[in-house]
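A look at the structure
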Amino acid sequence: MRKKTKTQRASSVKAKYRASLSFRMNVLFFSIFLLFSMLIFRLGYLQIVKGEDYVRALERTEEVAVNTSVPRGRIYDRYGRVLVDNEPENAITYTKMQTTTTSEMLEIANQLAMLMEQPVDRVTLRDKQDFWIMKNKEIAYEKVTEKEEQKLRENEELEEKEIQAEIDRLVRERTTEEDLAQLTQFDLEVLAIYREMSSGYNLSPQIIKSEDVTDEEFARVSERLSDLPGVNTTTDWKRVKLSSLAILGRTTIPSKGIPKSKLDYYLARDYSRNDRVGESYFEASYEELLQGQKSVVKNITNKQGQVIDTVTTYEGEPGSDLVTTIDIELQAAADRIVEEKLLELKSMSQSQLLDRAFFVMMDPKTGELLSVVGKKLETDKETGKRYIVDYSYGSFTTAYEVGSTVKAATLLMGYSEGAIKPGEVMIDQPIKLAGTNVKSSIFNRSGRIAMNDQTALERSSNSYMFQTAIKIAGSTYSYNMPFRIKDGTLQTMRNAYAQFGLGVNTGIDLPNEFAGFAGELTDNGKILNLAIGQFDTYTPLQMVQYISTVANGGYRVQPRMLKEVREPSEDGEKLGPLVEEVTPKILNRISNSTDEINNVKEGLRKVYVGSKGSARSYFGDAPYTAAGKTGTAEVVYYGPIRDEWASETINIAHVGFAPYENPEVAYAVIFPWATTNYNISLPHASETAREIVDVYFELKQKYAKEGQTSSSVKQEILPTTTGEKIDEDTEEETVTE
């Protein structure tokens, strides 16, 4: 066999090497191809699939919602009369950049303090301590010895920031009153300005001063803007109420800012700490509509991250205007009448517990609240002088025993439970159960009078209602009978009253509604008290929802204050375009037939016009048809005067609706703790109802003559009729006696 020569062997090795190299190069090129393919695929994925998401993320970091103090939405009454407005005022703001240093901010604060006066009432002890330490750093930190600092650093469990925090605490703790006394009035003004400047976020304008900025201050700062980086002079909008109606609510002011309890909630929604927000009732309920939209700016930065320019990407817009259901002219008249009756009652003897009164009027078909009156007597601690404050929110946050006004609901409950039938005759007689005192109707303390259900309403028979409750409990009355009730009777009765809105939330579109107190059934006889409104407590708003349910044929309608949402007015003369008209919300229908409801309504009509009607002397001559029910409740006092707790007193109340044939309004009146004299009959609740309902129909005629309507598409903006003006930073107006 021939051997290969050296040349042949070398050629073979080179061939193998070339083949191996070629293979490796192919693998390398293929790998590079795969990598480039993956890179291209990834870039395509990022650009095509996720591109919009990343653009939005970039916009979120570059575009900042800026508080340009857009006006909040106006609030009107149902006829377009302004209830809450905005007024422009001068404001000085500061915008902090990411690169702004503390020393730069202090220098600007120092210059501003020379140009304007800054109130120092919000400066705290902690602020003073920190400011003094900042101005006297070397002297301040000598208050902590090297030995103390060394001891802290020997603690291996503490991180550097924790060590520094403890040193700062010791310095602050050892800063004396003598040290703080070194701060001059000018220093305190600088501190007050610096405090506001540092409280905001980067790139978000912070109001330094907007309350009582004089024209001179505004001009001086405006002239120096080029020397004051971040400072700007602008217009702020303060809230002005043109009615003292408390349920319109209040807003915070910039110096107060967002309430601490809701700080996280609002900050998460791009609010600034010193934004005005609705603090109570209507302003709070509809904050999102009233607030408006801030402008949005895009910050242009250089390579060092410094902002060199800002571009507005969204101009912002004022809040929506809200039309309420309130008739402010009716409200003003009702306020006056309730105040007069309250003071008249208070001037009588044995009225030491009386301090409040309520009236509520509602459209029984739509739930629109036309008037919500609450008046409360207060006494100035310094002068001892009595004055009246608006307590309209008490109409749904406080509850009372309402007496015989609930008897229509008691009869309808008796029908639905099969205890009695419409037209059923029973004997009005004193009721004596074993182990209890005698209970009777006021007009019949000892006799026996046959009457049907309508007459029982007309004359306000307690006995008829007691016997109805006894039948619901599974028994039939006999003298001195042991009273045993079937299981669930109390809950059955409460459930029946709840169908009318008694003892449950009405659903009003305002916060903090109270459902009332449910009494404790210590003995079965309390069931009888429940049947005549002298056991559980109900709010004035529940009372009007209840009588509305009877008036409209059995539908419990949610009461509300919002009627319409509109865009801001374009010319200041007509309301803006309609955005939304709120529609009625039916919560439930009571479990009674139309015939049963009509039967009870006829009984309520007899209360007003029957020969023995308990309200005949107040409504018998009314120029309109109406129906209703009076009420008196003997109660135990647990009001604000603790020394008088457990005193026996009387609540007087009245509910009704008109016109009888086609109800337009339902109303409720209550004077809690009116007197401690059980031997007199007080007419004030019925008189209040009559006088205010008279005003309603007089205004109806007036509006018709003037062509004034609450449903016009191009509704004109009208001036308020109250003559009041309450700035956001002042206390609520009161009416002195």
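Small disclaimer: the values here were computed from a predicted structure and weren't measured.

Considerations on the overall build of the protein chain
Counting secondary structure elements, the protein chain contains 24 helices and 22 strands. Going through the 737 residues of the protein chain one by one, you find that 50% of them count as buried. Sequence-distant contacts in the protein chain: of pairs separated by 6 or more residues, those separated by 24 or more amount to 73%. Here the protein chain contributes 90 positive and 110 negative side-chain charges, whose respective centroids are spaced 10 Å apart.

Focus: the pairing of strand β11 (residues 386–390)
Pairing of strand β10 (residues 369–379) with β11 involves five bridges; the strand directions are antiparallel. By the bridge assignment for β11, K376 is matched with V389. Following β10, the chain reverses through six residues before pairing antiparallel with β11; G384 in that reversal takes a positive phi of roughly 75°.

Structural notes on the environment of L587
Here L587 is to be found in strand β17 (residues 586–589). On a C-alpha basis, the gap between L587 and E166 in space is 59 Å, while along the polypeptide they are 421 residues apart. With residues up to four places along the chain from it excluded, the contact list for L587 reads T506, Q545, R556 and Q558.

Re unusual backbone geometry
With the exception of glycine, most residues fall at negative phi, and the peptide bonds are largely trans. Cis rather than trans, the peptide bond between A658 and P659 has omega equal to -15°. Residues other than glycine seldom take positive phi values, yet N512 does so here, at roughly 70°. Along the chain, the position of N512 falls in the loop between α19 (489–498) and α20 (526–531).

Regarding a nonpolar patch on the surface
Residues L21, M25, L28, F29, I32, F36, L39, I40 and L43 make up a contiguous nonpolar surface patch of about 850 Å² in total accessible area. Looking at the secondary structure, you find M25 in helix α1 (residues 6–49).

Some thoughts on the packing of aromatic side chains
The final tally for this structure, using the stated rule, is 19 aromatic pairs. Measuring from centroid to centroid gives 5.4 Å for Y281 and Y393, while their planes differ by 15°, and the two rings are stacked. Here Y281, found in helix α12 (residues 281–285), pairs with Y393, found in the loop between β11 and α15 (394–397); they are 112 residues apart in sequence, far enough to count as distant. Sitting above the plane of the Y265 ring, R269 keeps its charged end 3.7 Å from the centroid. The ring of F443 carries R459 above its face, with NZ or CZ at 4.2 Å from the centroid.

What about the packing of helix α6 (residues 146–153) against helix α7 (residues 160–173)?
Their axes nearest at 10 Å, the elements α6 and α7 cross at an angle of 150°. As far as their axial angle goes, α7 and α6 are roughly antiparallel. The element α6 and its partner α7 pack so that their crossing is right-handed. Of the residues in α7, those touching α6 at E149, L152 and R153 are E160, I163, E166 and I167. Of the residues assigned to the contact of α6 with α7, the class counts are three nonpolar, no polar and four charged.

Description of the environment of D380
Examined against the element boundaries, D380 turns out to sit in the loop between β10 and β11. Here D380 falls in the partly exposed class, since its relative accessible area comes to 28%. When near neighbours in sequence (up to four residues on either side) are disregarded, D380 contacts K385 and Y387. A polar side-chain atom of D380 sits 2.8 Å from the main-chain amide nitrogen of E382.

Overview of the pairing of β10
Judged by how many residues are buried, β10 sits mostly within the fold: nine of eleven residues are covered. With seven bridges connecting them, strand β9 (residues 356–362) and β10 associate as antiparallel partners. In the strand pairing of β10, R356 is matched with K376. Between the end of β9 and the start of β10, which pair antiparallel, lie six residues, with G367 showing a positive phi angle near 85°.

Some thoughts on the confidence of the model for the protein chain
It should be kept in mind that the predicted coordinates are not to be read in detail where pLDDT is low. When pLDDT is averaged along the protein chain, the result is 89, and 91% of the positions lie at 70 or above. Within the model, pLDDT remains below 50 along residues 731–737, and this stretch shows 20 contacts once partners closer than five positions in the same chain are excluded.

A few points about the pattern of salt bridges
All chains considered together, the criterion is met by 41 salt bridges. Here D130 and R126 are joined by a salt bridge, their closest N and O atoms 3.2 Å apart. On the criterion of helical spacing, the pair formed by D130 and R126 is a turn pair, its members being four residues apart in helix α4 (residues 125–135). Here D130 falls in the partly exposed class, since its relative accessible area comes to 27%.

With respect to helix α14 (residues 328–346)
Since one α-helical turn is 3.6 residues long, residues separated by three or four positions face the same way. For α14, with 19 residues, the first-to-last C-alpha span of 26 Å sits near the 27 Å given by 1.5 Å per residue. One side-chain oxygen at the N-terminal end of α14 lies 3.1 Å from the backbone nitrogen of E329; it belongs to D327.

Section: a negative patch on the surface
Together, E317, E567, E570, D571, E573 and E716 give the surface a local cluster of negative charge. Mapped onto the elements, E317 comes out in the loop between β7 (307–314) and β8 (321–324).

Some remarks on the nonpolar core
M361 and Y667 are the most contacted members of the largest nonpolar core, which totals 130 residues. By size, the runner-up hydrophobic cluster in this structure holds 34 residues, among which are F131, L152, I167 and A192.

As for the side chain of S210
Residue placement: S210 occurs in the loop between β4 (206–209) and α10 (215–223). The buried category is assigned to S210, whose relative accessible area is 4%. Here the side chain of S210 touches D236 through a polar contact of 3.4 Å, side chain to side chain. Once residues within four sequence positions are removed from consideration, S210 is found in contact with E89, N90, A91, D236 and P254.

Focus on the side chain of Q429
Looking at the element boundaries, Q429 is found in the loop between β12 (426–428) and β13 (449–451). Excluding its chain neighbours within four sequence positions, the residues that come into contact with Q429 are K439, N444, G447, R448, S463, Q467 and Y477.

Examining helix α18 (residues 462–472)
With ten of its eleven residues buried, α18 lies for the most part within the structure. When we look at burial in α18, the residues that qualify are N462, S463, Y464, M465, F466, Q467, T468, A469, I470 and I472. Elements that come into contact with the buried residues of α18 comprise α16 (407–416), β12, β13, α17 (453–459), α19 and α20. Between the side-chain oxygen of the N-cap and the backbone nitrogen of S463 there are 3.5 Å, and the N-cap of α18 in question is S461. Phi turns positive one or two residues past the end of α18, at G474, with a value near 100°.

What to know about the environment of Q164
Counting through the fold element by element, Q164 comes out in helix α7. For Q164, a relative accessible area of 31% translates into the label partly exposed. With 493 residues separating them along the chain, Q164 and F657 place their C-alpha atoms 72 Å apart.

Definitions and cut-offs
- Residues numbered from 1 in each chain as written.
- Predicted model: local features only at pLDDT ≥ 70, side-chain atom pairs only at ≥ 80, totals over all residues.
- Heavy atoms only, no water.
- Helix = DSSP H or I, 4+ residues; strand = E, 2+ residues; numbered from the N terminus.
- Buried < 20%, exposed > 50% of the residue type's maximum accessible area, 1.4 Å probe, protein only.
- Contact = heavy atoms within 4.5 Å.
- Lys, Arg positive; Asp, Glu negative; His and termini not counted.
- Charge placed at Lys NZ, Arg CZ, Asp CG, Glu CD.
- Pairing = 2+ DSSP bridges.
- Patch = residues over 30% accessible without salt bridge, like charges linked within 9 Å, V, L, I, M, F, W, Y side chains within 5 Å.
- Areas by Shrake-Rupley, 256 points an atom, 1.4 Å probe, with all protein chains shown as cover.
- Salt bridge = Lys/Arg side-chain N within 4 Å of Asp/Glu carboxyl O.
- Phe/Tyr/Trp six-rings, centres within 6.5 Å; stacked < 30°, edge-to-face > 60°.
- Lys NZ or Arg CZ within 6 Å of the ring centre and 35° of its normal.
- Axes fitted to C-alpha atoms, helices over the stretch in contact; angles between N-to-C directions.
- Parallel < 35°, antiparallel > 145°, perpendicular 65-115°, else oblique.
- Left-handed = near helix turned anticlockwise from the far one by under 90°.
- Nonpolar A, V, L, I, M, F, W, Y, C, P; charged D, E, K, R; others polar.
- Polar contact = N/O pair within 3.5 Å; in protein donor to acceptor, adjacent residues only side chain to side chain.
- pLDDT = per-residue confidence, 0-100.
- Expected span 1.5 Å × (residues − 1).
- Core = buried A, V, L, I, M, F, W, Y, C linked by side-chain atoms within 4.5 Å.

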